[in-house]
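# Examination of the molecular architecture
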Amino acid sequence: MKKSVEDSGMRHDFERARRGAVLPSPGKTRVTMFLDNDVLAQFRATATRNGRGYQTEINAFLRKALTGQAAPNTDAPAKATGGQRLVGVAGAAARRKTSKGE
């Protein structure tokens, strides 16, 4: 059965259409996860300041944490984080090591 739609005299064929990303990105995997509202607000604020998407910001943060580099600046407005500064994964791991005397 052929799926098509006529719109203003133009015919659009949806025979091979599928849901999802238009073009899959090599080396990327789509994931779904739940984040705390304050964490997401902070990444969105940082992404806005840096002129890029919040998912790109999260990916860059995780990559830096995994490679052992210093965590990027995560200072967000106090309103977005309830007055608390969120600490990066790398920073939290370093504090655990020093508190254990390693």
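We now turn to the structure provided with this report.

Calculation notes
Residues numbered from 1 in each chain as written. Predicted model: local features only at pLDDT ≥ 70, side-chain atom pairs only at ≥ 80, totals over all residues. Heavy atoms only, no water. Helix = DSSP H or I, 4+ residues; strand = E, 2+ residues; numbered from the N terminus. Contact = heavy atoms within 4.5 Å. Areas by Shrake-Rupley, 256 points an atom, 1.4 Å probe, with all protein chains shown as cover. Axes fitted to C-alpha atoms, helices over the stretch in contact; angles between N-to-C directions. Parallel < 35°, antiparallel > 145°, perpendicular 65-115°, else oblique. Patch = residues over 30% accessible without salt bridge, like charges linked within 9 Å, V, L, I, M, F, W, Y side chains within 5 Å. Salt bridge = Lys/Arg side-chain N within 4 Å of Asp/Glu carboxyl O. Expected span 1.5 Å × (residues − 1). Buried < 20%, exposed > 50% of the residue type's maximum accessible area, 1.4 Å probe, protein only. Arc of directions from axis to C-beta. 1 Å grid on protein atoms, 1.4 Å probe; cavity = no way out; pocket = protein on both sides within 12 Å on 5 of 7 lines; lining within 4 Å. Points joined across faces, edges and corners; volume = space filled by probe spheres on them. Nonpolar A, V, L, I, M, F, W, Y, C, P; charged D, E, K, R; others polar.

## Re the overall build of the protein chain
When you go through the protein chain residue by residue, the secondary structure sums to four helices and two strands. Its helices and strands taken in sequence order, the protein chain reads β-β-α-α-α-α from the N to the C terminus. Sequence-distant contacts, at least 24 apart, represent 32% of the contacts inside the protein chain between residues at least 6 apart. Of the roughly 8800 Å² of accessible surface on the protein chain, a fraction of 53% belongs to carbon and sulfur atoms.

## Re the packing of helix α1 (residues 37–50) against helix α2 (residues 54–67)
Packing of α1 against α2 brings their axes to within 8 Å, and their N-to-C directions diverge by 105°. The angle between α1 and α2 falls in the class roughly perpendicular. Of the residues in α2, those in contact with Leu40, Phe43, Arg44, Thr46, Ala47 and Asn50 of α1 are Tyr54, Glu57, Ile58 and Phe61.

## Considerations on a nonpolar patch on the surface
Judged by side-chain polarity, Val31, Met33 and Leu35 come together as a nonpolar surface patch covering roughly 280 Å² of accessible area. Topologically, Leu35 is positioned in the loop between β2 (10–13) and α1.

## Let's talk about α2
For α2, built from 14 residues, the straight-helix expectation of 20 Å at 1.5 Å per residue is met to within 8% by its first-to-last C-alpha distance of 20 Å. Considered for burial, the residues of α2 that qualify are Glu57, Ile58, Phe61 and Ala65. The buried residues of α2 occupy an angular sector of 100° when the element is viewed end-on, so they sit on one face. Exposed residues on α2 whose side chains face more than 90 degrees from its buried face are Gln55, Arg63, Leu66 and Thr67. Backbone geometry just downstream of α2 places Gly68 in the positive-phi region, at approximately 80°.

## Structural notes on the layout of surface pockets
Reported here for the largest pocket is a volume of approximately 910 Å³. Lining of the largest pocket is provided by 24 residues; of these, Lys28, Thr29, Arg30, Val31 and Gln55 occupy positions nearest its centre. If you list the elements that add at least two residues to the lining of the largest pocket, you get α1 and α2. Ranked by residues supplied to the lining of the largest pocket, first place goes to α2 with seven residues. Within the lining of the largest pocket, the residues separate by chemical class into 10 nonpolar, eight polar and six charged.

## Concerning the environment of Leu35
Among the residues examined, Leu35 registers a relative accessible area of 34% and is labelled partly exposed. Every residue in contact with Leu35, bar those within four places of it in the chain, is listed here: Leu40 and Ile58.

## Regarding the side chain of Glu57
By secondary structure assignment, the location of Glu57 is in helix α2. Setting aside its immediate chain neighbours within four residues, Glu57 contacts Phe43, Thr46, Ala47, Asn50 and Arg52.

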